[in-house]
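# Report on the structure
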Amino acid sequence: AQSVSQHNHHVILSEAASLELGCNYSYGGTVNLFWYVQYPGQHLQLLLKYFSGDPLVKGIKGFEAEFIKSKFSFNLRKPSVQWSDTAEYFCAFITGGGNKLTFGTGTQLKVEL
Amino acid sequence: DTGVSQDPRHKITKRGQNVTFRCDPISEHNRLYWYRQTLGQGPEFLTYFQNEAQLEKSRLLSDRFSAERPKGSFSTLEIQRTEQGDSAMYLCASSLEGSGRVTEAFFGQGTRLTVV
């Protein structure tokens, strides 16, 4: 069955610390990969996406993610987090011929001043 | 705001009652999705439409759930004889499919259902 594993459910960082959130997917074929963010009280918003090409993709607000096909991973990174990055982060994928997103369980990030 | 809108934002209902939610997608988007999210979980796919055709339904969608998109624009999700286990956030999303490619999904703010 298709699934997404996000290794960290809760992460607490101080401002300016570096961030890496793990994401592994389970599917043997072509995938399109996404990171969505949900700020408190707001709707899910797209942070970045990978469809094809350069496996290192850059998104909004200084976030980036690297697709490593051999590891079925799509980890999210940011070199220096800000208090405003406090949110829940969801990794998701859609298969090459598929029609629906499969989400991970999310990682709750809290950035402390 | 030209994003995906959902109504109502919150709904409290008594067990056994019927509820209906509405979703208005981004106007040019031909795909519309319904997801359900419970506490501590990511969104789970329920069903999706391409224009007015409902093309896929999850096994999560019991026969008490029905969704429509009559004119290929807005959609409704109805839950009959609600149960406490139906309490969740119901999310709607839309995307554009064309030439075999699908854009990313844009989500609404959701309808939070509480069944008491």
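To be clear, the structure that these remarks concern was listed above.
Values in this document were obtained by computation on a predicted structure and should not be read as measured data. (Residues numbered from 1 in each chain as written. Chains lettered and ligands numbered in written order. Predicted model: local features only at pLDDT ≥ 70, side-chain atom pairs only at ≥ 80, totals over all residues. Heavy atoms only, no water.)

### A short note on the pairing of strand 12 (residues 107-112) of chain A
Residue and element names in this part refer to chain A.
- Judged by which residues are buried, strand 12 turns out to be one-sided: Thr107, Leu109 and Val111 face inward and are buried, whereas Gln108, Lys110 and Glu112, on the alternate face, are not.
- The sheet contact formed by strand 2 (residues 10-14) and strand 12 spans 5 bridges and is parallel. Residue pairing for strand 12: Val11 is matched across the bridge by Leu109.
- Taken together, the 3 bridges between strand 10 (residues 87-95) and strand 12 define a ladder with antiparallel strand orientation. Bridged to Tyr89 within strand 12 is Thr107. (Buried < 20%, exposed > 50% of the residue type's maximum accessible area, 1.4 Å probe, protein only. Helix = DSSP H or I, 4+ residues; strand = E, 2+ residues; numbered from the N terminus. Pairing = 2+ DSSP bridges.)

### Overview of the packing of aromatic side chains
- Under the definition given, this model contains 20 aromatic pairs over all chains.
- Between Tyr33 of chain B and Tyr35 of chain B, the aromatic rings sit 6.3 Å apart at their centres with planes inclined by 35 degrees, giving tilted as the arrangement.
- Members of the aromatic cluster, joined through ring pairs, are Phe34, Tyr36, Phe51, Phe90 and Phe103 of chain A together with Tyr33, Tyr35, Phe45, Tyr48 and Phe107 of chain B.
- Its guanidinium or amino end placed over the ring of Phe51 of chain A, Lys49 of chain A lies 5.4 Å from that ring's centre, counting from NZ or CZ.
- Here the basic side chain of Lys100 of chain A rests over the ring of Phe45 of chain B, its NZ or CZ set 5.4 Å away from the ring centre. (Phe/Tyr/Trp six-rings, centres within 6.5 Å; stacked < 30°, edge-to-face > 60°. Lys NZ or Arg CZ within 6 Å of the ring centre and 35° of its normal.)

### So, the state of the cysteines
Residue and element names in this part refer to chain A.
- Across all of its chains, the model carries 2 disulfides over all chains by this definition.
- The partner cysteine of Cys23 in its disulfide is Cys91, sulfur to sulfur 1.9 Å. Every disulfide takes its handedness from the sign of the S-S torsion; for Cys23 and Cys91 that torsion is -65 degrees, giving left-handed. Of this pair, Cys23 sits in the loop between strand 3 (19-21) and strand 4 (24-26) while Cys91 sits in strand 10, and the two are 68 residues apart along the sequence.
- Residue Cys23 is classed as buried on the basis of its relative accessible area of 0%.
- Judged by relative accessible area, Cys91 falls into the buried class, the value being 1%. (Disulfide = S-S within 2.5 Å.)

### Here we look at the sheet that holds strand 8 (residues 75-79) of chain B
Residue and element names in this part refer to chain B.
- Reading across from one edge, 1-3-8-7 is the order of the 4 strands in this open sheet, with antiparallel pairing throughout. Where the open sheet ends on each side, the last strands, each with one partner, are strand 1 (5-7) and strand 7 (65-68). Neighbouring strand axes in the sheet, compared pairwise and without regard to direction, differ in orientation by 15 degrees on average.
- In this sheet, strand 3 (residues 19-24) lies alongside strand 1 in antiparallel orientation, the contact comprising 3 bridges. Bridge pairing links Ser5 to Asp24 in strand 3. (Axes fitted to C-alpha atoms, helices over the stretch in contact; angles between N-to-C directions.)

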